[in-house]
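Topology and contacts: notes
The residues making up each chain are set out below.
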Amino acid sequence: MMRYAEVAVDAPTGYDRTFTYSVPLAMALSPGHLVQVPFGPRVLPGVVFQLTHEPQVAETRDIIGITHPQPILSTHQLALARWVSRYYMAPLFDCSALMTPPGLPSRALCYLSLTHSPSELKLTPAQGRALGYIASRGRVERGALLKALGPRIDVAISSLVRRGVIEASWQWQKPRVGPKYATYLELTLSPSEAEERAARLLVPTAPRWATLLRYMAQRGTPAPLAAAQKEFGPSAIKSLEAKNLIRRTLLRLERDPLRGKTFPPDSPPILTRDQRHCVERIEEAIDSPSSQVFLLQGITGSGKTEVYLHALAHALRRGKRGIVMVPELSLTPQTIERFSRRFPGQVAVLHSGLSPGEHFDQWWRIREGEYGVVIGSRSSVFAPQPDLGLIVLDEEHEGAYKQQDTAPRYHARDVALKLAELTGAVVILGSATPDLVSYSQALHGRFQLLELPQRIVSTPGGEPSLSTALPSVQVVDLRAELKEGNRSIFSRDLRRAMEQTLQAGEQVMLYLNRRGSSSLVQCRDCGHTLRCRRCDLPLTYHAQEERLLCHRCNYRLIPPRLCPQCQGPRIRYLGLGTQRAMEDVQRAFPGVKALRWDRDAASARGAHERTMELFLQGEAQVLVGTQMIARGLHFPNVTLVGVLCADIGLFLPDFRAGERVFQLLCQVAGRTGRGPLGGRVIVQTYTPDHYAVAAAAAQDYKSFYKSEMAYRREQELPPFGRLIHLVYLHTNQALCQREAVRLGGELKRQRDAWGLTNVDILGPAPAYPPRLRGHHRWHVILRGQDPRSLLDKVPMPRGWTVDVDPTSLT
């Protein structure tokens with residue numbers, strides 16, 4: 001009986017569509033297989049979602065081949081891909097590709113060859129040029145032909161293929177990455193026999209091959225060919241091969257990102273009463289067959305990670321495995337160390353900082369069940385971890401868990417909840433300052449709320465003690481500092497506190513959520529501001545590189561000596577960034593060693609680990625950084641945290657701006673007071689009365705929650721309503737505006753026609769920023785209890801991006 005397959009194809013089609021293909025009788029195919037299918041004139045990759053005996057369409061074409069002999073995606077992964085596609089309105093193949101291994105061939109190349117002699121045919125000039133080019137080379141890749149003769153030749157090629165003059169064949173590109181093999185030497189006889197034979201020959205004049213034979217016998221395992229050649233020479237190897245005493249073999253090398261790192265095992269500490277209560281609740285959930293979700297709210301330093309470790313240990317004892325996600329690469333080293341010390345040899349790593357080879361090997365070893373826990377960033381939620389029993393999102397409030405740039409624009413938290421529902425796993429969402437939507441879900445019973453209200457502080461004797469007291473926070477009004485003549489980036493209180501802290505041999509962290517030296521470069525004569533020509537945003541001056549830099553598109557410019565507008569020489573550098581903060585620290589405190597931790601300073605591989613280790617070992621007294629230093633790091637000797645400007649980001653045109661600032665201030669304040677020396681925080685701000693700054697200074701989450709939720713309720717913003725963000729981009733400003741106005745009008749007409757009065761349409765209007773990477777941006781925001789009900793009734797034209805449940809509108 002004929003079989004048919006529903007295949008999601010890597011083609012610009014409807015977001016959740018599958019296409020029907022017939023399955024050749026000899027092909028062993030299952031759901032989850034990656035296949036090669038014809039799609040129009042091309043061959044494209046696809047994912048098999050379902051097999052059936054009834055075709056959905058009258059005409060079907062055969063599947064050409066299978067990319068990998070085994071099904072790559074499991075049943076729950078196929079279901080997860082379909083859910084991600086439908087919920088986030090993204091192509092089904094793209095959602096499936098999130099779960100496929102790195103390095104699989106993703107593109108087929110078309111090769112052209114002649115079937116007839118060109119002299120026998122009537123040809124147009126373009127066809128003649130194409131045939132002549134192919135005849136001179138025998139077999140030509142279509143892309144190379146178009147590059148050589150120009151894109152217009154493609155019409156002539158297609159005509160010749162239809163006439164049968166040219167044969168088109170398809171071949172998959174070589175994978176970008178695959179297993180790594182190295183040549184080794186191995187004995188053809190037992191080590192004892194080799195040792196005996198070498199011993200008879202080992203005299204002062206013994207040949208080198210006898211020494212090599214003894215080395216191989218004593219080693220007992222295959223030896224790398226390159227190392228043997230270097231030590232004993234090629235002739236010794238050839239001699240042993242000629243005597244049939246050794247042979248060459250290929251062995252696969254594992255590219256382990258943790259190779260060479262040692263993590264001394266540790267023992268679980270005695271849990272506090274609150275920790276024990278949380279662990280017991282989570283263990284009961286792991287033992288139950290159904291999925292459950294816990295929101296673990298614990299103040300900074302309250303021991304949330306220890307709860308994760310105990311929960312994972314329980315899951316491993318039950319034969320289950322886990323995934324632990326962190327929002328930033330800067331958090332990964334400490335997390336890896338904590339889990340590797342508790343679970344030696346059972347930790348895998350998946351994040352964008354891995355080399356392609358490391359990513360490849362880690363993915364396949366995870367799939368084979370070699371690791372008890374996977375640690376990574378948001379994409380690790382798609383890791384092929386078998387027997388999944390626990391998913392942890394640390395710092396669950398972070399916006400980094402939302403994919404912003406490309407489709408599918410998923411949120412790792414929501415994907416984790418769906419994945420847990422499909423697999424029966426338990427989810428722990430951990431944070432000192434939970435996302436307001438998550439906290440609301442917990443208060444309304446969808447999540448189970450667990451709390452750790454006490455901080456665990458080390459005493460001078462090394463024993464942990466409990467405290468409900470957080471570091472003291474002082475708010476400094478920068479307006480008053482300016483009135484009294486202080487134009488330094490350090491308020492007088494912060495400078496005195498830094499002097500006292502440094503004299504005591506303790507450490508200081510300075511937080512400023514802006515990179516570079518000066519955020520604005522302006523002419524004092526005409527007021528002209530140097531802006532990015534592609535993004536229409538002010539360029540930031542980076543003194544270390546002596547460049548003006550756009551933080552959105554990376555456009556770079558040498559600082560001009562004269563104003564490009566009026567040719568005036570009075571160029572002024574205004575504003576503040578981490579590079580300038582470093583310079584001011586070194587000027588104000590000569591001889592003090594300072595480190596900078598931001599995206600620029602930590603761009604090299606391993607930079608996060610090196611910076612963290614240097615500061616932890618006391619090699620520097622001051623650490624200046626962006627939000628990288630605000631999250632989850634543990635430095636016991638830090639007794640002072642200074643927030644240089646708390647207002648950055650507070651007034652962005654985004655409904656979550658206040659929430660983000662509150663969370664960052666609370667997180668950075670939690671970096672101090674973790675040791676027996678205690679700690680204090682000084683927050684500098686121009687808006688000390690703003691409710692987000694005031695609540696962060698008091699570290700009062702419930703007060704902030706109450707104020708922010710009142711605003712959200714009034715504006716019908718999450719969790720009181722849902723948002724869908726539609727953005728249109730075009731290089732022509734007028735066309736961009738025209739299309740945005742057209743779609744906005746169509747949405748309003750359809751809303752009125754269907755009577756969807758509970759959906760608000762905000763806009764169309766210019767987005768922020770209004771131009772990005774050379775494209776003008778207009779947007780429309782849908783707001784309501786179910787804005788999707790309207791969007792499903794309006795076909796979305798090409799060029800629009802759809803962001804369901806956006807975490808930011810900028």
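Provided above is the structure to which this section pertains.
Residues numbered from 1 in each chain as written. Predicted model: local features only at pLDDT ≥ 70, side-chain atom pairs only at ≥ 80, totals over all residues. Heavy atoms only, no water.

1. Remarks on the overall build of the chain
For the chain, the helix and strand inventory stands at 24 helices and 35 strands. Along the first, second and third principal axes, the C-alpha atoms of the chain reach 90 × 90 × 65 Å. Considering only contacts in the chain between residues 6 or more positions apart, those separated by 24 or more positions represent 74%. As displayed, the chain offers around 37,200 Å² of accessible surface, 49% of which is attributable to carbon and sulfur atoms. Taken as two groups, the 101 positive and 76 negative side-chain charges of the chain have centres that lie 6 Å from each other. (Helix = DSSP H or I, 4+ residues; strand = E, 2+ residues; numbered from the N terminus. Contact = heavy atoms within 4.5 Å. Areas by Shrake-Rupley, 256 points an atom, 1.4 Å probe, with all protein chains shown as cover. Lys, Arg positive; Asp, Glu negative; His and termini not counted. Charge placed at Lys NZ, Arg CZ, Asp CG, Glu CD.)

2. Observations concerning the pattern of salt bridges
In total, this model carries 37 salt bridges according to the counting rule given. Arg247 is paired through a salt bridge with Glu186; the nearest N and O atoms lie 2.8 Å apart. You can see Arg247 sitting in strand E11 (residues 246-253) and its partner Glu186 sitting in strand E9 (residues 180-187), a full 61 residues away along the chain. Since its relative accessible area comes to 42%, Arg247 is described here as partly exposed. Looking at Glu186, the relative accessible area reads 22%, which means it is partly exposed. The closest approach of N and O atoms between Asp536 and Arg531, which form a salt bridge, is 3.2 Å. Its relative accessible area of 31% is what places Asp536 among the partly exposed residues. (Salt bridge = Lys/Arg side-chain N within 4 Å of Asp/Glu carboxyl O. Buried < 20%, exposed > 50% of the residue type's maximum accessible area, 1.4 Å probe, protein only.)

3. Focus: the environment of Thr305
Structurally, Thr305 is set in helix H11 (residues 304-317). Along the sequence, Thr305 and Asp394 sit 89 residues apart, while their C-alpha atoms lie 8.3 Å from each other. Dropping the residues within four chain positions of it, Thr305 is found in contact with Arg338 and Phe339.

4. What about empty space enclosed by the protein?
A full pass over the atoms with the stated rule returns five cavities of 30 Å³ or more. Considering only enclosed or pocket space, the largest cavity measures out at about 60 Å³ in volume. Taken together, His76, Gln77, Leu80, Met99, Ile323, Val381, Phe382, Ala383, Pro384, Gln385, Leu388 and Leu419 form the lining of the largest cavity. It is helix H1 (residues 75-88) that provides the largest number of residues to the lining of the largest cavity, a total of three residues. The residue makeup of the lining of the largest cavity, split by class, is nine nonpolar, three polar and no charged. Approximately 50 Å³ is the volume found for the second largest cavity. Along its surface, the second largest cavity is lined by Tyr511, Asn513, Cys645, Ala646, Ile648, Val661, Leu664 and Leu665. Among the elements that line the lining of the second largest cavity, the one with the most residues is helix H20 (residues 657-669), at three residues. Here the lining of the second largest cavity is composed, by residue class, of seven nonpolar, one polar and no charged. (1 Å grid on protein atoms, 1.4 Å probe; cavity = no way out; pocket = protein on both sides within 12 Å on 5 of 7 lines; lining within 4 Å. Points joined across faces, edges and corners; volume = space filled by probe spheres on them. Nonpolar A, V, L, I, M, F, W, Y, C, P; charged D, E, K, R; others polar.)

5. Concerning unusual backbone geometry
A cis amide bond, omega 10°, links Pro718 with the succeeding residue Pro719. Here Pro719 is to be found in the loop between helix H22 (701-715) and strand E32 (722-730). Phi is positive for Met89, which is not a glycine, with a value near 55°. Inspection of the secondary structure assignment puts Met89 in the loop between H1 and helix H2 (92-97).

6. Quick word on the sheet that holds strand E12 (residues 292-298)
Reading across the sheet, the seven strands line up as E14-E15-E13-E16-E17-E12-E18 and stay open at both edges, with parallel pairing between neighbours. Of all strands in the sheet, those bounded by a partner on one side alone are strand E14 (347-350) and strand E18 (448-452). Averaged over all neighbouring strand pairs, the angle between strand axes comes to 20°, with direction disregarded. Pairing between E14 and strand E15 (residues 373-376): four bridges, direction parallel. Note on E15: the bridge partner recorded for Val349 is Ile375. The strands touched by helix H10 (residues 273-287) are E12, strand E16 (388-394), strand E17 (426-431) and E18; relative to E18, the strand with the most contacts, the crossing angle is about 155°. Strand contacts of helix H14 (residues 412-423): E12, strand E13 (321-325), E16 and E17, with the helix running at about 165° to E16, the strand carrying the most contacts. (Pairing = 2+ DSSP bridges. Axes fitted to C-alpha atoms, helices over the stretch in contact; angles between N-to-C directions.)

7. Notes on the sheet that holds E32
Across the sheet, which stays open at both edges, the four strands sit in the order E33-E34-E32-E35 with antiparallel pairing between neighbours. On the outer flanks of this sheet lie strand E33 (759-772) and strand E35 (800-804), each paired with one strand and no other. Averaged over all pairs of adjacent strands, the angle between their axes in this sheet comes to 20°, without regard to strand direction. Sheet analysis places E32 next to strand E34 (residues 775-784), joined by nine bridges and oriented antiparallel. If you follow His725 over to E34, its bridge partner there is Ile781.

8. Comments concerning the nonpolar core
In terms of nonpolar packing, the biggest core is built from 139 residues, with Leu726 and Leu747 touching the most fellow members. If we ignore the near neighbours within four places in the chain, the residues touching Leu726 are Leu743, Leu747, Trp778, His779, Val780, Leu782, Leu791, Met796, Trp800, Thr801 and Val802. Among the nonpolar cores identified, the runner-up in size contains 24 residues, and Val476, Phe490, Phe589 and Val624 belong to it. (Core = buried A, V, L, I, M, F, W, Y, C linked by side-chain atoms within 4.5 Å.)

9. Some points on the packing of helix H21 (residues 691-698) against H22
One can describe the packing of H21 onto H22 by two numbers: an axis separation of 9 Å at closest approach and a directional angle of 160°. In terms of axis orientation, H21 runs roughly antiparallel to H22. Here H21 and H22 pass one another in a crossing that is left-handed. For the pair H21 and H22, the contacting residues are Tyr691, Ala692 and Ala695 in the first and Phe704, Ser707 and Glu708 in the second. (Parallel < 35°, antiparallel > 145°, perpendicular 65-115°, else oblique. Left-handed = near helix turned anticlockwise from the far one by under 90°.)

10. Remarks on the packing of helix H3 (residues 125-137) against helix H4 (residues 142-149)
Running from N to C, H3 and H4 point in directions that differ by 125°, and their axes come no closer than 11 Å. With respect to H4, the axis of H3 lies oblique. Of the two elements, H3 crosses H4, and the hand of that crossing is right-handed. For the pair H3 and H4, the contacting residues are Arg129, Ala130, Tyr133 and Ile134 in the first and Ala144, Leu145, Ala148 and Leu149 in the second. In terms of residue class, the contact of H3 with H4 is made up of seven nonpolar, no polar and one charged.

11. Some thoughts on helix H8 (residues 225-232)
Taken as a whole, H8 has its buried residues at Leu225, Ala228 and Phe232. Along the axis of H8, the buried positions cluster into a sector of 65°, meaning they face one direction only. Exposed and oriented more than 90 degrees from the buried face of H8 are Ala226 and Lys230. Of the surrounding elements, those touching the buried residues of H8 are E9, helix H7 (208-219), strand E10 (223-224), helix H9 (234-242) and E11. (Arc of directions from axis to C-beta.)

12. Looking at the side chain of Glu398
Within the fold, Glu398 resides in the loop between E16 and H14. On the basis of relative accessibility, which here comes to 7%, the residue Glu398 falls in the buried class. When sequence neighbours within four positions are dropped, the list of residues in contact with Glu398 reads Pro327 and Arg631.

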